[in-house]
Amino acid sequence: PPPVPRVPPFVILDASHGGSESGAALSPTLLEKTVNLALARRLQKELEARGIPVVLTRVGDNALTGDQRAVSANTSHASLYVALHSSSSGHGVRVYTALLAPAQPGQGAHSFLPWELAQSPYLAQSSAAAAALAAGCASEGVPVRSSAAPLRPLNSVTLAAVAVEVAPLGSSAGELATPEYQQKIAAALATGIAALRLQLEVAP
């Protein structure tokens, strides 16, 4: 039989930190890298259940540099890159886009840009993605804020790129480790990503 053509993933999920880079200590027993990977896996299940193809940058407890993450995203043929972070401060979800000036006129996706500015031509798409994810969270009753931030590796990603930081709803960081809360966040983000995919498919 002829080989089945591989469907490019719509979204690449990047569970931040990993290996010796554990991220924030969310509580005495809870490391950020563990929560990020659990969220990535739940979100992958939610998206695949909706027929949205996904790839993860890491599936185990391994370290990746920011550059490795960006290269992985840029060669994935995905339409959206989502970096997952978690924090014990604040409430709900924060959605970040790269803190960069938009590309100058004439600077398209195919012009040469320094690695640290590669995201510039994609900022409008990234902002649309951030808005869709924020709307998904709001629709599920999850408090959400959006802003730009100098978060690596967003600046070097050559597709729509956002970072999502998940904080507890209540005052306990332990909530981040509960299946119920992880599922609520995964469903909210999946709703936003599914809406974004519809927008992109309708766009000319």
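Below is a short write-up of the structure. Please read these numbers as outputs of a predicted model, since none were measured by experiment.

**Let's talk about the pairing of strand S6 (residues 92–98)**
Part 1 of the argument: The buried fraction of S6 amounts to 7 of the 7 residues, a majority that puts the element mostly inside the structure.
Part 2 of the argument: Where S6 lies against strand S8 (residues 160–167), 5 bridges are found, and the strand directions are antiparallel. Following the sheet pairing, Val 95 is matched in S8 by Val 164.

**A short note on unusual backbone geometry**
Part 1 of the argument: In this structure, the amide linkage connecting Arg 152 to the following residue, Pro 153, adopts the cis form with an omega of 0°.
Part 2 of the argument: Structurally, Pro 153 can be placed in the loop between strand S7 (144–149) and S8.
Part 3 of the argument: We note that His 17 has phi near 65°; this positive angle belongs to a residue other than glycine.
Part 4 of the argument: Mapping His 17 onto the fold places it in the loop between strand S1 (11–15) and strand S2 (25–27).
Part 5 of the argument: Residue His 17 is classed as buried on the basis of its relative accessible area, which comes to 16%.
Part 6 of the argument: The backbone of His 77 sits at a positive phi, close to 60°, despite the residue not being glycine.
Part 7 of the argument: Using a relative accessible area of 65% as the deciding quantity, one classes His 77 as exposed.

**Concerning helix H1 (residues 32–49)**
Part 1 of the argument: Taking 1.5 Å per residue as the helical rise, H1 with its 18 residues ought to reach 26 Å, and the 26 Å between its terminal C-alpha atoms agrees with that figure.
Part 2 of the argument: Within the span of H1, buried status applies to Glu 32, Lys 33, Val 35, Asn 36, Leu 37, Leu 39, Ala 40, Leu 43, Glu 46 and Leu 47.
Part 3 of the argument: Where H1 terminates, the next one or two residues include Gly 51, which has phi positive at roughly 75°.

**A closer look at the nonpolar core**
Part 1 of the argument: The biggest cluster of nonpolar side chains holds 41 residues, and the ones touching the most others in it are Val 11, Leu 47 and Val 82.
Part 2 of the argument: Secondary-structure elements contributing two or more residues to this core are S1, H1, strand S4 (54–56), strand S5 (80–86), S6, helix H3 (123–139), S8 and helix H4 (179–202).
Part 3 of the argument: In this structure, Ala 70, Ala 83, Tyr 96 and Ala 149 belong to the second largest nonpolar core, which totals 16 residues.

**Considering the pattern of salt bridges**
Part 1 of the argument: As enumerated under the stated definition, the model contains 5 salt bridges in all.
Part 2 of the argument: We note a salt bridge from Arg 69 to Asp 14, for which the minimum N-O separation is 2.4 Å. One end of the pair, Arg 69, is in helix H2 (residues 66–74); the other, Asp 14, is in strand S1, with 55 residues separating them in the sequence. Accessibility assignment for this pair places Arg 69 and Asp 14 in one class, buried.
Part 3 of the argument: The shortest N-O distance in the salt bridge between Glu 165 and Arg 94 comes to 2.6 Å. With a gap of 71 residues between them, Glu 165 in strand S8 and Arg 94 in strand S6 connect regions that are remote in the sequence. Per residue, the accessibility class of Glu 165 equals that of Arg 94, and both read buried.

**Re the sheet that holds S6**
Working definition: the strands of a sheet are paired by backbone hydrogen bonds and lie parallel or antiparallel to each other.
Part 1 of the argument: Ordered in space as S4-S1-S5-S8-S6-S7, the 6 strands form an open sheet in which the pairing is mixed. Edge positions in the open sheet fall to S4 and S7, since each of these has one partner strand only. Adjacent strand axes in the sheet meet at a mean angle of 25°, parallel and antiparallel pairs treated alike.
Part 2 of the argument: Relative to S4, S1 runs parallel, the two being bridged by 3 bridges. In the strand pairing of S4, Leu 13 is matched with Leu 56.

**What to know about H2**
Part 1 of the argument: Looking only at H2, the buried set comprises Gly 66, Arg 69, Ala 70 and Ala 73. The buried residues of H2 occupy an angular sector of 95° when projected down its axis, which confines them to one face.
Part 2 of the argument: Check the buried side of H2 and you find it contacts S1 and S5.

**Examining the packing of H3 against H4**
Part 1 of the argument: Where H3 meets H4, the closest approach of the two axes is 7 Å, and the angle between their N-to-C directions is 135°. Between H3 and H4, the angle falls in the class oblique. Judged by the sense of rotation from one axis to the other, the crossing of H3 with H4 is right-handed. For the pair H3 and H4, contact is made by Ala 128, Ala 129, Ala 132, Leu 133, Gly 136, Cys 137 and Ser 139 and by Ala 188, Leu 189, Thr 191, Gly 192, Ile 193, Leu 196 and Gln 199, respectively.
Part 2 of the argument: For the contact of H3 with H4, a count of residues per class yields 9 nonpolar, 5 polar and no charged.

Scoring rules and cut-offs
- Residues numbered from 1 in each chain as written.
- Predicted model: local features only at pLDDT ≥ 70, side-chain atom pairs only at ≥ 80, totals over all residues.
- Heavy atoms only, no water.
- Buried < 20%, exposed > 50% of the residue type's maximum accessible area, 1.4 Å probe, protein only.
- Helix = DSSP H or I, 4+ residues; strand = E, 2+ residues; numbered from the N terminus.
- Pairing = 2+ DSSP bridges.
- Expected span 1.5 Å × (residues − 1).
- Core = buried A, V, L, I, M, F, W, Y, C linked by side-chain atoms within 4.5 Å.
- Salt bridge = Lys/Arg side-chain N within 4 Å of Asp/Glu carboxyl O.
- Axes fitted to C-alpha atoms, helices over the stretch in contact; angles between N-to-C directions.
- Arc of directions from axis to C-beta.
- Contact = heavy atoms within 4.5 Å.
- Parallel < 35°, antiparallel > 145°, perpendicular 65-115°, else oblique.
- Left-handed = near helix turned anticlockwise from the far one by under 90°.
- Nonpolar A, V, L, I, M, F, W, Y, C, P; charged D, E, K, R; others polar.

Keep in mind these numbers describe shape, not what the thing actually does.
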